[in-house]
Amino acid sequence: MKAIVVTDEASGTAGMTLAERPKPEAAGNDVLVEVHASGFTPGELTWPGTWTDRLGRDRTPSIPGHEVAGVVSALGYGTRGLSVGQRVFGLADWTRDGTLAEYVAIEARNLAPLPGDVDFTVGASLPISGMTAWQGLFVHGRFHVGQSVLVHGAAGGVGSVVTQLAREAGAHVIGTGRAADRQTALDFGAQEFVDLDNDALEDVNGVDLVFDVIGGDIGRRSARLVREGGMLVTIAGPPEVQPKDGLAVDFVVEADRTQLGEVVQRVRDGRLRTNISQVANLDDAVSAFNPTERVKGKTIIRVRP
């Protein structure tokens, strides 16, 4: 089968190549998915699981990509809950070959049914952004109605979903980003916007929840914006500064079939829009992941027409 592979961590996305790889087989509790569309997060090329297995052994050449939408083509021994021919979407394991390929073997529990009225391209854009937003807000952030939420990167792939889910749940949302992102963030539902290059972040009054996707200096400064009893939730690594009278949590998104269902239902009924910036085919994936200009939102690879 055709697949995108990586062999050298130092090369980043420039080191991606299109190659022929053996078609995987479905092990116990797995399904084999005929990939129709795949999502990719460039940051995964810095994750240990891209390069080594669970025992720390080199597993290159490895196939990146963890978001998938496709059709079940085979079931492994003991697999339940899904059937051959079923449309599915979900999140591949971090330490196994991923979804930038014509087929991927994935644990059945990491997948959810993809309704027939949701395009594969949209389905592939949902797992990481959708579940990261859901888990950060409702699981780790313990959000409840009426709270204020500061969303960093509100025009991006994750931040735009956080913004929409928070607004729907009854939050007052303050988005951040570059000046050019202002209107996009407001269109996704932010009620206020902070230009991180030109506005003073510290002018934001105390908020109940900060959702940080940036880290570094922004993460450190954001801790001081959390009001007493509030939360700083981040996916940018362990927080370097704790809120004075609040809590800080960093987390890695986990697959959850129920949460996938919640997210895709919101897409179906118009409560949630995905933030897809470009769609490319598998043959053009390497070029798509090495753009000459800044890309807002997600890049999705359409593996099959």
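Keep in mind that this is a model prediction, so the values were computed, not measured.

### Focus on the overall build of the protein chain
Of the regular secondary structure elements, the protein chain holds seven helices and 15 strands. Computed over its C-alpha atoms, the radius of gyration of the protein chain comes to 19 Å, within 12% of the 19 Å expected for a compact globule of 305 residues. Seen along its three principal axes, the alpha-carbon backbone of the protein chain occupies a region of about 55 × 40 × 35 Å. Within the protein chain, the proportion of its 305 residues that are buried is 52%. Long-range contacts, defined as pairs at least 24 residues apart, comprise 63% of the intrachain contacts of the protein chain with a sequence gap of at least 6.

### A look at the sheet that holds strand β10 (residues 192–195)
The six strands lie next to each other as β10-β9-β8-β11-β12-β13, forming an open sheet whose pairing is parallel. Each edge of the sheet is formed by a strand with only one pairing partner; in this case those strands are β10 and β13 (247–250). The mean angle between the axes of side-by-side strands here comes to 15°, regardless of whether they run parallel or antiparallel. Across four bridges, the pairing between strand β9 (residues 172–177) and β10 is parallel. The residue of β10 that forms the bridge with T176 is V194. Seen against the sheet, helix α2 (residues 127–140) touches β8 (148–151), β11 (207–212), β12 (226–234) and β13 and runs at an angle of roughly 150° to β11. Those strands touched by helix α5 (residues 216–223) are β11 and β12, and its axis lies near 160° from that of β12.

### What about the nonpolar core?
Core analysis: the largest hydrophobic core is formed by 42 residues, its most contacted members being F89, L114, L137, V149 and V162. Residues V31, L82, V88 and A280 belong to the second largest nonpolar core, which totals 34 residues.

### Thoughts on the layout of surface pockets
Put simply, the largest pocket is a space of about 1300 Å³. At the level of elements, α2, α3 (157–168), β9 and β15 (298–302) are the ones that each hand at least two residues to the lining of the largest pocket. For the lining of the largest pocket, the residue count by class is 20 nonpolar, 14 polar and seven charged. Each pocket or cavity is described by its volume, and for the second largest pocket that value is around 160 Å³. Around the second largest pocket sit R54, L91, A92, D93, W94, E107, R109, N110, V253, E254 and A255, which together line it.

### Topic: the packing of aromatic side chains
For the coordinates displayed, the defined rule picks out four aromatic pairs. Here F40 and F289 contribute two aromatic rings whose centre-to-centre distance is 4.5 Å and whose plane-to-plane angle is 50°, an arrangement assigned as tilted. With F40 in the loop between β3 (30–39) and β4 (67–75) and F289 in the loop between α7 (285–288) and β15, this pair connects stretches of sequence that are 249 residues apart. Given the relative accessible area of 9%, F289 is considered buried. With a centroid separation of 6.3 Å and an interplanar angle of 70°, the aromatic rings of F138 and F143 are classed as edge-to-face. Look at F138 and you get partly exposed, because its relative accessible area is 29%. Each member of the aromatic cluster is reached from another via a ring pair, and the members are W134, F138 and F143. Just above the ring of Y103 sits the side chain of K23; from NZ or CZ to the centre is 4.2 Å.

### A short note on the environment of L232
Looking at where L232 falls in the secondary structure, it is placed in strand β12. It is 11 Å that separates the C-alpha atoms of L232 and F251, two residues lying 19 residues apart in sequence. With residues near it in sequence (within four places) discarded, L232 still touches V210, D212, G219, A223, V226, P239, V241, P243, L247, A248 and V249.

### Digging into empty space enclosed by the protein
A complete count under the given rule lists one cavity of 30 Å³ or more for this structure. Here the largest cavity is characterised by a volume of approximately 40 Å³. Around the largest cavity, the lining residues are S125, L126, S129, G157, S160, V161, T274, N275 and K298. Looking at which element gives the most residues to the lining of the largest cavity, the answer is α3, with three residues.

What counts and how
- Residues numbered from 1 in each chain as written.
- Predicted model: local features only at pLDDT ≥ 70, side-chain atom pairs only at ≥ 80, totals over all residues.
- Heavy atoms only, no water.
- Helix = DSSP H or I, 4+ residues; strand = E, 2+ residues; numbered from the N terminus.
- Rg over C-alpha atoms; globule rule 2.2 N^0.38 Å.
- Buried < 20%, exposed > 50% of the residue type's maximum accessible area, 1.4 Å probe, protein only.
- Contact = heavy atoms within 4.5 Å.
- Pairing = 2+ DSSP bridges.
- Axes fitted to C-alpha atoms, helices over the stretch in contact; angles between N-to-C directions.
- Core = buried A, V, L, I, M, F, W, Y, C linked by side-chain atoms within 4.5 Å.
- 1 Å grid on protein atoms, 1.4 Å probe; cavity = no way out; pocket = protein on both sides within 12 Å on 5 of 7 lines; lining within 4 Å.
- Points joined across faces, edges and corners; volume = space filled by probe spheres on them.
- Nonpolar A, V, L, I, M, F, W, Y, C, P; charged D, E, K, R; others polar.
- Phe/Tyr/Trp six-rings, centres within 6.5 Å; stacked < 30°, edge-to-face > 60°.
- Lys NZ or Arg CZ within 6 Å of the ring centre and 35° of its normal.

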